Each structure stands twice: as structure tokens, then as C-alpha cells.
Amino acid sequence: MSGAIVQINNVSKQYKGAQQPAVSHLTLEISKGSVFGLLGPNGAGKSTLVMLLCGLLKPDEGSIQVLDLKVGESSAAIREKIGVAPQEIALFPTLTAHENLFYFGRMYGLQTEVLKKRIDEYVNTFGLQDKMHKRVQTFSGGMKRRLNLIAALLHDPSLIILDEPTAGVDVQSRNMILEFLLTLKAKGVTILYSSHFLEEAERICTHLAIVDEGKLLVTGKPDILLAENPDCKNLEELFLKRTGKTMRD
Amino acid sequence: MKIWATIWKEFLLLVRDPGGMALIFAMPLALVIVMALIQDAPFRDYQEIKLEVLLVDQDKDSLSYKMKRALESTGNITVVKENDLERAKKLVQAGEFKASVVLHKGTTQALKKKTEQLIGKIVRNMGVETPFIDSIETSPVPLDLYFDPAIKVNYKQALGEGIEKIVAQVQSEWIIMELQSQLSSGENKHPKVKFNPGEMMVVNQQYASDKPKERLALNSVQHNVPAWTMFAMFFILFPLASNFIKEREEGSMLRLRLISGSQFPVIAGKFSFYFFVCMLQFVLMIAVGIFVMPLLGLNELVLGSNVFGILLTACSVAMAATGYGLLIAVFFKTPQQALSFGSISVVILSALGGVWVPVYVMPEILQTISKFSPLQWGLESFTDLFLRNATTLTILPNTFKLIGFSFVTLIASFLVHKSRIIS
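Residues numbered from 1 in each chain as written. Chains lettered and ligands numbered in written order. Predicted model: local features only at pLDDT ≥ 70, side-chain atom pairs only at ≥ 80, totals over all residues. Heavy atoms only, no water.

## Examining the packing of aromatic side chains
Within the structure shown, the criterion is met by 21 aromatic pairs over all chains. Arranged with centres 6.3 Å apart and planes meeting at 80°, the rings of Phe-231 of chain B and Trp-356 of chain B form a pair that is edge-to-face. On the criterion of sequence distance, the pair formed by Phe-231 of chain B in helix 7 (residues 220-234) and Trp-356 of chain B in the loop between helix 12 (335-352) and helix 13 (364-370) is long-range, its members being 125 residues apart. Assessed through its relative accessible area of 34%, Trp-356 of chain B is described here as partly exposed. The structure contains a cluster of three or more aromatic residues connected by ring pairs, namely Trp-228, Phe-231, Phe-235, Phe-238 and Trp-356 of chain B. Looking at Arg-174 of chain A, its charged tip hangs above the ring of Phe-197 of chain A, at a distance of 4.2 Å from the centre. One residue, Lys-112 of chain B, lies across the ring of Trp-174 of chain B, its end atom 5.0 Å from the ring centre. (Phe/Tyr/Trp six-rings, centres within 6.5 Å; stacked < 30°, edge-to-face > 60°. Helix = DSSP H or I, 4+ residues; strand = E, 2+ residues; numbered from the N terminus. Buried < 20%, exposed > 50% of the residue type's maximum accessible area, 1.4 Å probe, protein only. Lys NZ or Arg CZ within 6 Å of the ring centre and 35° of its normal.)

Structure follows, in C-alpha cells:
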């Protein structure tokens, strides 16, 4: 794959006390301008991989390059250029939506005028303009998810990493988030999209990888992967074929 | 800019947390008032002794009159007369009176007789003829003192010494009078000079202070206001640690970890904000000491004259308290761990630091250990400033210790926090 924005080379990570690695000898590339779906069941290692990419976890072995910078050596520089919407709602519940966005924007080092402009732009896009002065603790799950996503976009990142961005949201909010991601896709923004919602991945991803038990099972373009597996009518069937039907905790 | 943003964010979080606000402001104010009221009596007890003493006067002569007048003139002793010795003993034993002074029948006459005999012998040895007999009765005249078995040792000592002093004064007065009387007997008539032992020498008792007329002794307010103010300042760890851990658990700290270069502003912003909160606590508590305590019948807090020294000490205590709170916040992973360890450690540090009881009443070993408590450094400085009008130079060693403690905890907090970013 040419023009790789993320290169993961033989990376492994095992947590202290864990019986098996969360990520095991995983190699992966994400090309510039792609929407890369990182798919896997619960506990597959998706969030660990996201944390490794951000430099918040140190790999036991292997190396990762993001935006031509080596994770570990240039983690701070990498974090300046990426926007991450973590799986948790990473916001202050007792602050209003505006106060949250303003604070995180300030921490990104944005000047007041730029910050105000971006906040206005995103809250309009995500339909939160009337809720900006309400405390986040009063928001619905969908509103919190949208705000969580806006907070990751304020500094105009080159790579957007979304960890389960539609978990626990209603259909309308999910649709709004996906519509927005499609507009970013059209603009050529690179997105790493971690999820276990396969229909979402099918809708927006240009490339995907299925991981389970920390290992890469399959990677490629969705249409090619389905073509290579004629017994699977859609991604869900491919997913179940690769990861099995055993229940996950 | 990032630090100011964090300070503003911390402000918003705190003002929207009524429990945290109560813990920081309302509870310490209530605590300092309650503790000052509770400890007012014991402090007065130590420094303003008030004793009720029974006088069993079987003598009914000049000694008993002088004894009663001398005891009452101290201002600390109330004399109550009781004729029945056995009843007096029972009342003292029951603790209704701290002591009983028993002047047996004929005490004055016996003491005068002994004085007469002693002076007679002296005068005769000087070659002056005197009609007074010169044989001396050797057994001393008894004066009995009965004490409440539960009386404090220092009270017993003070009362015993006081009675002995009164007796000594009466004796010296009588000796002089008797000497004049015997020397002017017969043909040697001389006018008598009235002798008052109090006119010979006066012992001036005062506080070694620039303003000796001011009442600057350590009282409940002077001890409790600075002591509990520092205790409250160190309890800043409660809102600080709980907010910090809450941010970690709720995920907002994760987002901050994902923002490059945010770690120093986060720590510095929190430190700065809670430093100002500590200073605000200090100002409020001092204001209570000055304006509210007198309304409750307590002494007014006297600050001394070194305002710069007070501010310097308050700032260094605030820095130490915030640094300690921050270290607890970053070190422990759950609120239960942080708040349990934090509160118990502050209680121990405050007990060792002399917040509960002054250090000078502690056993020697604890007095040595107390030198390692930041609260002791602060309290010692405040006592020096408030009661001794200490110069800034005097309090600098403690100030340096507090600031040093603050830097150590702050650096440790930053390193621990940073180490947890990457695991």
C-alpha cells in the first residue's frame, strides 16, 4: 500500500497479569485518505491498538510509525497531529458543552477567534447549537457522543482515530455521525474507525482489518474481501466466519 | 494560556460542586469556631487559674484575717469559710473545692509567741535587756492544707507555694514589729516604723514583647485559628484528589493525555487554582478569628505586626498543602485509597504538628518527631508572628522547609503523572 500514514510492524502488547497478549505480532498499514475500519469482537485488542498508535501504551515489541514519525520517539509530535475520540465519553460532566470545547481547544493551543469559529462550525454540523450552554451531564448518550467527536476535531487533525464512536447512541445520532464521516471521507481526511458495527463499516470504510485475540485475521478493501469469500454475502458473515460464533465477554 | 484555561476549568468544577465547596469553606469555618470554643476553657484553665479554696478558721485571729485577704488579693482564688474541719475534708475529697486551708486554734498566738522568743534571744545576745523569755519552742506551728485528690499538680504546687509565701510575709512583718517592740522597751522609747513587705521589692511580671501591655498570651483563639486553618488547607487534598481521580475515571483525563504538551499546564493549573483556594481559606479563617470570635465571647485573634511574614507563611503553607494534595491525587488510583490515606495522614501530621494540642505538652519523642511535620513548621511560624512579633528572618527557616516540601511534592506529582501517561 503506497502513501501509508500509519505503519504498524509486528507489534505485540501484553498487559501485566494478563494470560495472553492484547495485541500479538500485528502488522498493518493505513494509507492516506482512507477510512480504515478496525473491526473485531469485544476484547479483540482494538482499543489497545488505538492506545499504542497514540503513544499512550508502549509496545512490548515491534514498531509503529504515524505520519512518518516513530511512536515512542515522537509521540508528542504525533499527538499534535492526530485527533482521538476515545471509547469513553472524555468530557467534564459538570461543565457545559461550550466550556468543555473551549477548554480542550485551549489545551490544543488554539487562539480564541479560531476556536470560536471551529466550535460554531462543528456544533452547527452536529446539531448542538441550542445545547451549548447546558451541562454535559444533562445530555443524552447521542449528544455526548457527538460532543466527544467534536472535541477530537477542534485542532484540525491530519489523522482522526475514532474508537467506537457510535456506541450507545440512537439511530438519528448514529446517522448524523456517519454522514459527517462521509463528508470527511469525501474531503480525503484519513480516518481510523474502530468498531464492531459491521453495517457502519460497510457504509463508510474504504479499507478494513478484522482482528481477534490481538491477531490480524484479514485486511483489505471490503469489496475485494467479499469477492475473495463468495460464501459471505456481507461483512457480518465474513466477520463471523473469521472470528467464530463463540460468545465474547 | 493553557494554565489559565485549567485554572478557570477548576474554578467552574469547584463552584458547581456544593459538597466540595462546603468541605473547603463551610466545614473548616465551623471546625475552627467549635474547636476554639471547646478549647477555650482548657486554655483559660492553664493560664488563668481559678480556684475555690475552703478556709477552716479555728484560729479566728490576725493570721486568718491576713491569710484570707492575701489569698483573695491574688484574683485567682475565691475563699469560702467553713467552720467544720471534717466537713471541709469531705468537700475537698469530693472535688467540690480544690483545697482547704486549716488554721488551727491558737495558730496566731503560737506564731507570735515563737517570734517573741526568737527576737528576745537576738536582742539579749546584742546586750539589750528585755523582759521576754529567751527559751525557744522548737516544734513548728502547724498549718494544714488538704488537696482534692484530682487536683492538677501545677495547681497544687502553685497553691502550696502561695500559702508558704503568705506565711513568710506575715512572719517577716511580725518579726520586724517584734524587733522594734523589744528594742524600744524600757527606757529606749523609739517611734515604731510600720513594715510592709510589699514595699521592699516588687516583682514585675510581663510578656517579653514589643507591646508588653497587650494581652498576647497563647489562648484558644491564638492557637486554634492558625492551627485549624492549616488543617483545613491540608484538607484541600479532598476536592483536589477526588476531582483528579474523577477526571481519570470519567475519561476527561484520557483526552488531556491525548493532547500533546498538556501535562505541565494541567498540573500547574490545578496547583495554582488550589493554592488560591488555600489562600482564600486562610483569609476567611483569619477574618473569623478577628471578627467572629469576639462575638462568641472568645479572644480576638491578634496578628502581630509583620504582615509580610504572615503572607509569606500563609503562601508557603498553601504551597505545601497543595503540593501534598496533588501528590496524593496522582499517586493513588481510586478515590477510596486517596481519601483514606490522605485524611489519615493529614490527621497524623496535624496531631504531630501541634494542631490538636500544643507541641510543648507532648512527650519528648513526639516533640522530636513533630519537627518533621509541615503543619508544625507553619504553626511555629504563625505562633512566632502572632505572639512574638517575629521578624521575617526568624520565620525563614520554616518557610524554606515548607516551600521545599512543596517543590518536592510538586515535582514528584509531575513525574508520577507523566509516568502514567505511557504504560
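From this point, things continue past the structure.
## Focus: the packing of helix 10 (residues 263-292) of chain B against helix 11 (residues 307-331) of chain B
Residue and element names in this part refer to chain B. In the contact formed by helix 10 and helix 11, the axes pass within 8 Å of each other and the chain directions differ by 135°. Considering the angle they form, helix 10 stands oblique to helix 11. You can see that helix 10 and helix 11 cross each other, and the crossing is right-handed. Contacts from Ile-267, Lys-270, Phe-271, Tyr-274, Phe-275, Cys-278, Met-279 and Phe-282 of helix 10 reach helix 11 at Ile-310, Leu-311, Ala-314, Cys-315, Ala-318, Met-319, Ala-321, Thr-322, Gly-323, Leu-326 and Val-330. (Axes fitted to C-alpha atoms, helices over the stretch in contact; angles between N-to-C directions. Parallel < 35°, antiparallel > 145°, perpendicular 65-115°, else oblique. Left-handed = near helix turned anticlockwise from the far one by under 90°. Contact = heavy atoms within 4.5 Å.)

## Points about the packing of helix 3 (residues 97-107) of chain A against helix 1 (residues 2-15) of chain B
It is the contact of helix 3 of chain A with helix 1 of chain B, at a shortest axis distance of 9 Å, that shows an interaxial angle of 155°. Viewed along their axes, helix 3 of chain A and helix 1 of chain B adopt a mutual orientation that is roughly antiparallel. For the pair helix 3 of chain A and helix 1 of chain B, the crossing hand works out as left-handed. Two secondary-structure elements touch here, helix 3 of chain A through Glu-99, Tyr-103, Arg-106 and Met-107 of chain A and helix 1 of chain B through Lys-2, Ala-5, Thr-6, Lys-9 and Leu-12 of chain B. Here the residues of the contact of helix 3 of chain A with helix 1 of chain B sort into 4 nonpolar, 1 polar and 4 charged. (Nonpolar A, V, L, I, M, F, W, Y, C, P; charged D, E, K, R; others polar.)

## Observations concerning the sheet that holds strand 9 (residues 207-212) of chain A
Residues and elements named next belong to chain A. An order of 6-7-8-3-9-10 is seen for the 6 strands of this open sheet, with the pairing classed as mixed. Two strands lie at the open edges of the sheet, namely strand 6 (82-85) and strand 10 (215-220), each paired on one side alone. For this sheet the average axis-to-axis angle between neighbouring strands, irrespective of direction, equals 15°. Sheet analysis places strand 9 next to strand 10, joined by 5 bridges and oriented antiparallel. Paired with Ala-209 across the bridge in strand 10 is Thr-219. Taken strand by strand, helix 1 (residues 46-54) contacts strand 3 (35-39), strand 6, strand 7 (159-163), strand 8 (190-195) and strand 9, and its axis lies near 150° from that of strand 7. (Pairing = 2+ DSSP bridges.)

## Regarding the interface of chain B and chain A
Taken together, the contact pairs 25 residues of chain B with 35 residues of chain A. Summing the contributions of chain B and of chain A, the shared interface buries around 2700 Å²; its carbon and sulfur component is 66%. When the area that chain B buries against chain A is broken down by residue, the three leading residues are Arg-16, Arg-255 and Leu-258 of chain B, summing to 28%. Across the contact surface, chain B and chain A share 1 salt bridge. Here Glu-99 of chain A makes a salt bridge to Arg-16 of chain B, at a shortest N to O gap of 2.6 Å. Linking chain B to chain A there are 8 residue pairs in polar contact (both at pLDDT 80 or more). Contributions of two or more residues to the side of chain B that touches chain A are made by helix 1, helix 8 (237-250), helix 9 (252-257) and helix 10 of chain B. A total of 6 residues in the side of chain B that touches chain A trace back to one element, the largest contributor, which is helix 1 of chain B. Of the residues that constitute the side of chain B that touches chain A, the class distribution is 12 nonpolar, 6 polar and 7 charged. (Buried area = accessible area lost by both parts, 1.4 Å probe. Salt bridge = Lys/Arg side-chain N within 4 Å of Asp/Glu carboxyl O. Polar contact = N/O pair within 3.5 Å; in protein donor to acceptor, adjacent residues only side chain to side chain.)

## Structural notes on the sheet that holds strand 1 (residues 51-57) of chain B
Residues and elements named next belong to chain B. With respect to topology, 4 strands assemble into an open sheet ordered 2-1-3-4, the strand pairing being mixed. If you trace the sheet from one side to the other, it starts and ends with strand 2 (77-81) and strand 4 (144-147), each paired once. This sheet shows a mean twist of 25° between the axes of neighbouring strands, independent of strand direction. With 5 bridges connecting them, strand 1 and strand 2 associate as parallel partners. Its bridge partner lying in strand 2, Leu-54 is registered against Val-80.

## A word on the nonpolar core
Note on soluble globular proteins: their nonpolar side chains tend to be buried together. Leu-101, Leu-154, Leu-181 and Ile-191 of chain A together with Phe-234 and Leu-256 of chain B are the most contacted members of the largest nonpolar core, which has 131 residues in total. Residue contributions to this core peak at 14 residues, all from helix 10 of chain B. In contact with Leu-181 of chain A, other than residues within four places in its own chain, are Leu-162, Ile-191, Tyr-193 and Ile-204 of chain A. Leu-52, Leu-69, Val-71 and Val-84 of chain A belong to the second-largest nonpolar core, a separate cluster that totals 34 residues. (Core = buried A, V, L, I, M, F, W, Y, C linked by side-chain atoms within 4.5 Å.)

## Quick notes on the confidence of the model for chain B
Residue and element names in this part refer to chain B. With 92% of its residues at a pLDDT of at least 70, chain B reaches an overall mean of 85. Of all the helices and strands in chain B, helix 2 (residues 18-47) carries the lowest mean pLDDT, 82, while helix 11 carries the highest, 94. We note a pTM of 0.77 for the whole complex and an ipTM of 0.86 for its interfaces. (pLDDT = per-residue confidence, 0-100.)

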